[in-house]
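# Per-entry structural report
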Amino acid sequence: MAGSLASLAKSNTQNRREWPRYRAEQAFSLAASVDGRLLPCTVEDISLGGARLEFDEALPAGHTIELSHPECDPVSCARVWQDDCAVGI
C-alpha cells in the first residue's frame, strides 16, 4: 500500500498539465515566427492548452513565438519551457 501511495504522489508531481496531452498521430510541420524570422517546426504533441514544437535549430531564449495559418489570425505563444530545439508553448 505504501509503495502505491508513493508512486501516486510521484506521478502527480511530474504531470502538472491541466489538459491531457496527445501525441500527434502524424507529426505535421508549420512555420513559426520567432523574433521576425520564419522558422520551420514540427508539432510533436498537442493539448487544449499547449503544444510541444521541435525546431531544426536551437532558439534564443525570451523571444516571442507566433504561430499563423492562412485561415486564422496569428497567435502569440508563451514559452512554458525550452530544451535545446524543443519548446513547450
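Report follows, based on the coordinates. Computed from a predicted model, the values in this text were never measured in an experiment.

With that settled, consider the pattern of salt bridges. This model, assessed by the stated rule, comprises two salt bridges. R52 is paired through a salt bridge with E54; the nearest N and O atoms lie 2.8 Å apart. Classification of R52 as partly exposed rests on a relative accessible area of 28%.

Among the secondary structure elements, C77 is positioned in strand β5 (residues 72-77). Each residue touching C77, except ones within four places of it in the same chain, is listed here: T64, I65, L67 and I89.

Checked against the element boundaries, A31 lands in strand β1 (residues 22-34). For A31, a relative accessible area of 33% puts it in the partly exposed group. Put simply, A31 and S68 are 37 residues apart on the chain and 7.6 Å apart in space, counted from C-alpha to C-alpha. Excluding its chain neighbours within four sequence positions, the residues that come into contact with A31 are L38, L39, P40 and S68.

Thresholds, definitions, all that
- Residues numbered from 1 in each chain as written.
- Predicted model: local features only at pLDDT ≥ 70, side-chain atom pairs only at ≥ 80, totals over all residues.
- Heavy atoms only, no water.
- Salt bridge = Lys/Arg side-chain N within 4 Å of Asp/Glu carboxyl O.
- Buried < 20%, exposed > 50% of the residue type's maximum accessible area, 1.4 Å probe, protein only.
- Helix = DSSP H or I, 4+ residues; strand = E, 2+ residues; numbered from the N terminus.
- Contact = heavy atoms within 4.5 Å.

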